[in-house]
Amino acid sequence: QVQLVESGGGLVQPGGPLRLSCAASGSILSINAMGWYRQAPGKQRELVASITSRGSSNYADSVKGRFTISRDNAKKKVYLQMNSLKPEDTAVYYCYADIISYGSSRYVGYWGQGTQVTVSS
């Protein structure tokens, strides 16, 4: 059983920072890419940022220069540092990871339960 658990969401004023964390746990042999997606009301889920196991990262144009993704492979964690937040960043943020479990031979995508981020004054 593999689980991804996010934390760190909440209410923040425009221009403020917020840091999201996601911890993977369970019968994990290896983790490949990890990332953050978000879904605002009435919109499709979109990629915010992703990072490979070697640390190569990719960002949506809308967050470049404001958000930073990082990971701790030993702790099986991924983080999203969000600065200069805007009201349009308001969404449920989901953690994602490609994971091989013990006893398996292929990567499977797992999702966290989501954490709400609200940017409002």
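Within each chain, residues carry numbers counting from 1 in the order of the written sequence. Reporting in this predicted model follows two pLDDT cut-offs: at least 70 for local features of residues, and 80 or more for side-chain atom pairs to be given and counted; totals over whole chains, interfaces and linings ignore these cut-offs and use all residues. Here the side-chain values reflect all heavy atoms present in the structure, with hydrogen atoms and water set aside.

**Considering the sheet that holds strand β7 (residues 67-72)**
Now for step 1: Strands are labelled as partners when DSSP assigns at least two bridges between them. By definition, any uninterrupted DSSP run of H or I lasting at least four residues is a helix, any uninterrupted run of E lasting at least two residues is a strand, and each is numbered from the N terminus. Strand order in the open sheet formed by 4 strands is β1-β3-β8-β7, with antiparallel pairing between adjacent strands. The two strands at the open ends of the sheet, each matched to only one other strand, are β1 (2-7) and β7. Strand after strand, the sheet turns through a mean of 15° between neighbouring axes, direction not considered.
Now for step 2: Sheet analysis places β7 next to strand β8 (residues 77-82), joined by 6 bridges and oriented antiparallel. Bridged to Ile69 within β8 is Leu80. The axes used here are C-alpha line fits, helices contributing only the stretch in contact, and every angle between their N-to-C directions lies in the interval 0 to 180 degrees.

**Details of the state of the cysteines**
Now for step 1: What counts as a disulfide here is a pair of cysteine sulfur atoms lying within 2.5 Å. Summed over the entire model, instances satisfying the criterion amount to 1 disulfide.
Now for step 2: Residue pairing for Cys22: its cysteine sulfur links by disulfide to Cys95, the two sulfurs lying 2.1 Å apart. Every disulfide takes its handedness from the sign of the S-S torsion; for Cys22 and Cys95 that torsion is -80°, giving left-handed. Linking Cys22 in strand β3 (residues 18-26) with Cys95 in strand β9 (residues 91-101), this pair joins segments that are 73 residues apart in sequence. Neither Cys22 nor Cys95 differs from the other in exposure class; each is buried. To sort residues, take the accessible area from a 1.4 Å probe on protein chains only and compare it with the maximum for the residue type: under 20% means buried, over 50% means exposed, and anything in between is partly exposed.

**Overview of the pattern of salt bridges**
Now for step 1: Salt bridge, as used here, is a side-chain nitrogen of Lys or Arg placed within 4 Å of a carboxyl oxygen of Asp or Glu. Taken as a whole and judged by the stated rule, the model has 4 salt bridges.
Now for step 2: Measuring nitrogen to oxygen at the nearest pair gives 2.7 Å for the salt bridge that ties Glu46 to Arg38.
Now for step 3: When its relative accessible area of 36% is taken as the criterion, Glu46 is described as partly exposed.
Now for step 4: Of the charged contacts, one joins Asp89 and Arg38 as a salt bridge, the two residues approaching to 3.0 Å between their closest N and O atoms. Residue Asp89 is found in the loop between β8 and β9, and its partner Arg38 is found in strand β4 (residues 28-39); the two are separated by 51 residues along the sequence. Side by side, Asp89 and Arg38 carry an identical accessibility label, which is buried.

That's the geometry; what it means functionally is another story.
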